[in-house]
Every structure is written in C-alpha cells, then in structure tokens.
Amino acid sequence: QVQLVESGGGLVQPGGSLRLSCVASGSIRRIDDMYWYRQAPGKERELVAGITSGGSTNYADSVKGRFTISRDNAKNTVYLQMNSLNPEDTAVYYCNAYIIGNPSGGYWGKGTLVTVSS
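A few points on the structure.

Rules behind the numbers
- Residues numbered from 1 in each chain as written.
- Predicted model: local features only at pLDDT ≥ 70, side-chain atom pairs only at ≥ 80, totals over all residues.
- Heavy atoms only, no water.
- Helix = DSSP H or I, 4+ residues; strand = E, 2+ residues; numbered from the N terminus.
- Buried < 20%, exposed > 50% of the residue type's maximum accessible area, 1.4 Å probe, protein only.
- Contact = heavy atoms within 4.5 Å.
- Pairing = 2+ DSSP bridges.
- Axes fitted to C-alpha atoms, helices over the stretch in contact; angles between N-to-C directions.

In this section: the overall build of the chain. Of regular secondary structure, the chain possesses zero helices and 11 strands. Ordered by position from N to C terminus, the α and β elements of the chain give β-β-β-β-β-β-β-β-β-β-β. Sorting the 118 residues of the chain into buried and exposed places 40% on the buried side. Long-range contacts, defined as pairs at least 24 residues apart, comprise 55% of the intrachain contacts of the chain with a sequence gap of at least 6.

Written out as structure tokens, the structure is:
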C-alpha cells in the first residue's frame, strides 16, 4: 500500500522557522506533482505550494518569499521550509501527491500541526 507520512510540525514563536517533510512509501514507480496544503481552524483547506517532478514550483501569495518547497526524488520526499512564520500560518499541514504505483492515484497524508504562538 502507498502512503504519505508528514513530520516536522510543532510549536514555534512568531518569526521562527520550521521544516516539514513528507515521505512516500509503498509500491511506487513514480511520483508526479507533489503539494503542501494547510487547513486552519474553522477554515477550508488551501493550497500552500506545489512542485512538479521536474522541480518547477508554485506558491500561494500568502507564503511567497517565506516558504520554499523542494523534493528529493531518490528519497520520495517533499519538504516545506517555512521562515518568518506568523500566527496566521497556524494550521494542520497536509502533503498530497499523485503517485504511479500499486495502486496509482492521488494520496493524502494525515497531516502535521504547526502552531505559531508566543
């Protein structure tokens, strides 16, 4: 079975940094686009950043210049480096990817909580 597992969340003070990781495991032939989403309390899930298999990236306007998405294809891992965090970044962060494997399809991780507070 294919699964995605996020890690790296936690409590950080405003202005601080965190690095999230998401590892895909299971019967995987190839991973296409990978994404980070987040869902704040009482709000809908929103796209934070995405990266293609070739390394092209896109970001939500709210995180441009502060967050950086990257991936290590050899490790089936996507990262989200988050700098200059503010309380509005508090949310559960989810990894999403389209995986060619057994079975193929879109997969979600269970999320990792990021809390920005003094």
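Strand order in this open sheet of four strands is β1-β3-β8-β7, and the pairing throughout is antiparallel. Single-partner strands in this sheet number two, and they are β1 (3-7) and β7 (67-72). If you compare each strand with its neighbour and ignore which way they point, the axes differ by 15 degrees on average. Sheet topology places strand β3 (residues 18-25) next to strand β8 (residues 77-82); six bridges connect them, and they run antiparallel. Bridging across to β8, Leu18 finds its partner in Met82.

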